[in-house]
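Spelled out from the first residue to the last, the chains are:
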Amino acid sequence: MQTDQQFLDMMKQLPDVLAPSLAEDWPELPVVKAQGAYLYTADGRRYLDFTSGIGVTNVGHCHPRVLEAASRQMHEMVHSAVGVTIHKSLLELCEALTAVLPPKMDMFFFGNSGAEAVEGAIKLARYVSRRPGIIAFEGGFHGRSYGAASVTSVKSKYRDHYEPFVPGVYFVPYPYAYRCPLGNTPDAALDWTLMSLRRLFQHQIPPSQVAAVLVEPVQGEGGYIVPPRDFLQALRRICDEYGIYLILDEVQCGFGRTGEMFAAQVFGVQPDIMSIAKGIASGFPLGATVASRELMRRWKAGSHGTTFGGNPVACAAGLATLQVIAEENLLENARRMGKRFLAGLQSLQAQYPSIGEARGLGLMLAIEMIVPGSDKEPDPRAAMDLLNLCLERGLLAYMAGTFGQVVRFIPPLIVTAEQVDQALNILDEALSIISHRP
Ligand SMILES: Cc1ncc(COP(=O)(O)O)c(C=O)c1O
């Protein structure tokens, strides 16, 4: 591939044109083409993309079916302010989503992003319950707009200088067995969470004032933390007991990422409200707040709205994305490749003491880096060095975790065994370099 020198020269302007809050992000690859599991950059290099645009391009970059559907729609109508005009692809997408979502998740409010899908969920829960309280989890990430940031606590940096937040939000610990103060078993982690929830009800807000419990079924930005199997069911029981709505934020773990279409199906839990986005339309901006018709119908006309939400091109791309996931049997591939990748990560963990834990579900996988010989001291430097060494060798992965100590892998669901093995070989080489440095 030829070098795109003009693009590379323009990259020098980046610090002058992009807000630094974003531009500090990593590693700013100048991409000229994206196809399947690969990114091609202006300097003529090819990278195996194990970020999928942070969990978005689940069917691979530029899938021809998605492109074809979007481009067909583009020639018919690009924009529809839903409510003023309506378009067929939106209705088709509602039908297709209802078929793959958990039961009774059959009414939609479309927006453009994950944060909007979360905002909608919180507003809906408060509106219909007439209660103020929202319970969220430490380490959670739900987006950057004010409502979504108010329920986000993965890093205090994301909250610093933005106070005051939306009031009525309470945090309890997520069941993170690896770092649970009660003990490092799933049972201890679950006890810790439920005990904290009970204490919250006793000391800070009675359950009768709580509108919703908002939770990521697998914590994403928090470090790909898979909770104990009974966690979501336990939350369901508590919500039922007190008439609280259970909101599942499936923005990152939805659309096949965990090996089922939604993580709710992995854990066998029925949500009241869901937030979905990212993988929904393979990169076209789209998200949705979802609930049952019974619940949604209580959200009166005019109480929430949008100009761009449910964009026709994004809806057409979303419909094609769902068809590709089904026809290419991508859930099955996510489960098989996820098992292969996790087994490989676990064997690297056995080899390298700098890996504290290898974990994940489906193709949502991570390693947590610690200082070898320490008491699980998080090692963000090792995580960043590992990411850079992988990048030099053609593998793009991403960071996560409160301290930046986690390296997460988000390959597309189309990933092959050869690509998984190649990634594991690159990781092995990179870890070996890290383990030999002074
Ligand atoms: C679980 C979760 N919820 C919400 C969001 C926010 O999505 P967006 O960046 O599209 O606003 C994210 C983004 O990473 C996420 O991981």
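These numbers come from a predicted model, not from an experiment.

Rules behind the numbers
- Residue indices follow the written sequence of each chain, beginning from 1 at its first position.
- Confidence filtering applies because this is a predicted model: local features only for residues at pLDDT of at least 70, side-chain atom pairs given and counted only at 80 or more, and all residues used for totals across whole chains, interfaces and linings.
- As a rule here, side-chain values come from all non-hydrogen atoms in the structure, and water together with hydrogens is ignored.
- To qualify as a nonpolar core, a set must consist of buried Ala, Val, Leu, Ile, Met, Phe, Trp, Tyr and Cys residues joined through side-chain atoms within 4.5 Å.
- Here the term buried applies to any residue with accessible area under 20% of the maximum for its type, exposed to any over 50%, and partly exposed to those in between, with areas from a 1.4 Å probe on protein chains only.
- Helix numbering and strand numbering both begin at the N terminus, where a helix is a DSSP run of H or I of at least 4 residues and a strand a DSSP run of E of at least 2.
- The contact criterion used is simple: two residues touch if any of their non-hydrogen atoms lie within 4.5 Å.
- Pairing of aromatic rings covers Phe, Tyr and Trp, the last counted by its six-membered ring, and requires centre-to-centre distances within 6.5 Å; plane angles under 30 degrees mean stacked, over 60 mean edge-to-face, and any other angle means tilted.
- A positively charged side chain is recorded as over a ring if its NZ (Lys) or CZ (Arg) lies within 6 Å of the ring centre. The angle to the ring normal must also be within 35 degrees.
- One fewer than the residue count of a helix, multiplied by 1.5 Å, yields its expected span.
- Here, strands pair whenever DSSP counts at least two bridges between them.
- Handedness of a crossover: with both strands directed away from the viewer, a clockwise path from the first strand across the helix to the second marks it as right-handed.
- A molecule or strand has a residue near it when one of that residue's heavy atoms lies within 4 Å.
- Residues adjacent in sequence count toward polar contacts only when both atoms are side-chain atoms; beyond that, a polar contact is any pair of N or O atoms within 3.5 Å, and within protein one must be able to donate a hydrogen and the other to accept it.
- Residue exposure ignores everything except the shown protein chains as possible cover, and the areas themselves are Shrake-Rupley values with a 1.4 Å probe.
- A fitted line through C-alpha atoms serves as each axis, taken over the contacting stretch for helices, and the angle formed by two N-to-C directions is quoted from 0 to 180°.
- Each crossing gets its handedness from the near helix: less than a right angle anticlockwise from the far helix is left-handed, clockwise is right-handed.
- Three categories are distinguished: nonpolar for Ala, Val, Leu, Ile, Met, Phe, Trp, Tyr, Cys and Pro, charged for Asp, Glu, Lys and Arg, and polar for the others, with Gly belonging to the last.
- For patch building, the residue pool is restricted to those with more than 30% relative accessible area and no salt bridge; the joining distance is 9 Å between like charges and 5 Å between nonpolar side chains (Val, Leu, Ile, Met, Phe, Trp, Tyr).
- Salt bridges, as used here, are contacts in which a Lys or Arg side-chain nitrogen is within 4 Å of a carboxyl oxygen on Asp or Glu.

By size, the foremost hydrophobic cluster in this structure holds 119 residues, and its most contacted members are Leu-97, Phe-341, Leu-345, Ile-367 and Leu-386. When residues in this core are grouped by element, the largest group, 9 residues, is from helix H16 (residues 417–436). Not counting the four nearest positions on each side in its chain, Leu-386 is found in contact with Ile-367, Met-369, Val-407, Leu-427, Ala-430, Leu-431 and Ile-434. Grouped together as the second largest cluster of nonpolar side chains are 23 residues, Ala-121, Ile-122, Ala-148 and Met-296 included.

Tallying each qualifying case throughout the model produces 11 aromatic pairs. A ring pair is formed by Phe-137 and Phe-231, whose centres lie 5.6 Å apart and whose planes are at 85°; its orientation type is edge-to-face. In this pair, Phe-137 is assigned in strand E5 (residues 133–137) and Phe-231 in helix H10 (residues 231–242), connecting sequence segments 94 residues apart. Judged by relative accessible area, Phe-137 falls into the buried class, the value being 2%. Between the aromatic rings of Phe-201 and Tyr-242, the centroid separation amounts to 5.5 Å while the plane-to-plane angle is 65°, which identifies the pairing as edge-to-face. Linking Phe-201 in helix H9 (residues 186–203) with Tyr-242 in helix H10, this pair joins segments that are 41 residues apart in sequence. Owing to a relative accessible area of 13%, Phe-201 belongs among the buried residues under this scheme. Feature note: the residues Phe-50, Phe-341 and Phe-409 constitute an aromatic cluster, connected by ring pairs. Lying over the aromatic face of Tyr-178, Lys-376 brings its terminal NZ or CZ to 4.2 Å of the ring centre.

Quick look at helix H7 (residues 114–129) now. In this model, H7 (16 residues) spans 23 Å end to end at C-alpha, consistent with the 22 Å of a helix rising 1.5 Å per residue. For H7, the buried fraction is high: 12 of the 16 residues fall into the buried class. Buried within H7 are the following residues: Gly-114, Ala-115, Ala-117, Val-118, Glu-119, Gly-120, Ala-121, Ile-122, Leu-124, Ala-125, Val-128 and Ser-129. Two residues or fewer after H7 comes Arg-130, characterised by a positive phi angle close to 60°.

Turning next to the pairing of strand E7 (residues 210–215). The element E7 is largely enclosed, with a buried count of 6 among its 6 residues. Where E5 and E7 come together, 3 bridges link them in parallel fashion. Paired with Gly-133 across the strands is Val-210, a residue of E7. Taken together, the 4 bridges between E7 and strand E8 (residues 245–249) define a ladder with parallel strand orientation. Paired with Val-213 across the bridge in E8 is Leu-246. As a crossover connection, the stretch from E7 through H10 into E8 is right-handed.

Attention now goes to the site of the ligand. With respect to spatial proximity, the complete set of residues near the ligand consists of Ser-113, Gly-114, Ala-115, Phe-141, His-142, Gly-143, Glu-216, Asp-249, Val-251, Gln-252 and Lys-278. Backbone polar atom of Ala-115 to an oxygen atom of the ligand: 2.8 Å apart, as the coordinates give it. Note that a nitrogen atom of the ligand is positioned 3.5 Å from one of the backbone N or O atoms of Phe-141. Here the ligand has 400 Å² of accessible area as a free molecule, and 81% of this is covered by the chains.

Now for the packing of helix H6 (residues 88–100) against helix H13 (residues 312–327). Running from N to C, H6 and H13 cross one another at 35°; their axes reach a closest spacing of 9 Å. The way H6 lies across H13 gives a crossing that is left-handed. In this structure, H6 uses Ser-89, Leu-90, Glu-92, Leu-93, Ala-96, Leu-97 and Val-100 to contact H13, whose residues at the interface are Pro-312, Cys-315, Ala-316, Gly-318, Leu-319 and Leu-322. Residues of the contact of H6 with H13, tallied by class, amount to 10 nonpolar, 2 polar and 1 charged.

Working definition: the strands of a sheet are paired by backbone hydrogen bonds and lie parallel or antiparallel to each other. Overall, mixed pairing links the 4 strands, which are arranged E1-E2-E3-E13 in an open sheet. With partners counted over all chains shown, the strands left at the sheet margins are strand E1 (31–35) and strand E13 (395–396), one partner each. Strand direction decides the pairing type here: strand E3 (residues 46–49) and E13, joined by 2 bridges, are parallel. Each residue of the ladder has a partner; that of Asp-49, found in E13, is Leu-396. Across the sheet, H16 lies against strand E2 (38–41), E3 and E13, angled at about 105° from E3, the strand it touches most.

The next thing to look at is a nonpolar patch on the surface. Nonpolar side chains collect at one region of the surface, where Val-17, Leu-18 and Leu-22 lie side by side and expose about 280 Å² of accessible area between them. On the basis of relative accessible area, Leu-22 is assigned to the exposed category, the value being 52%.

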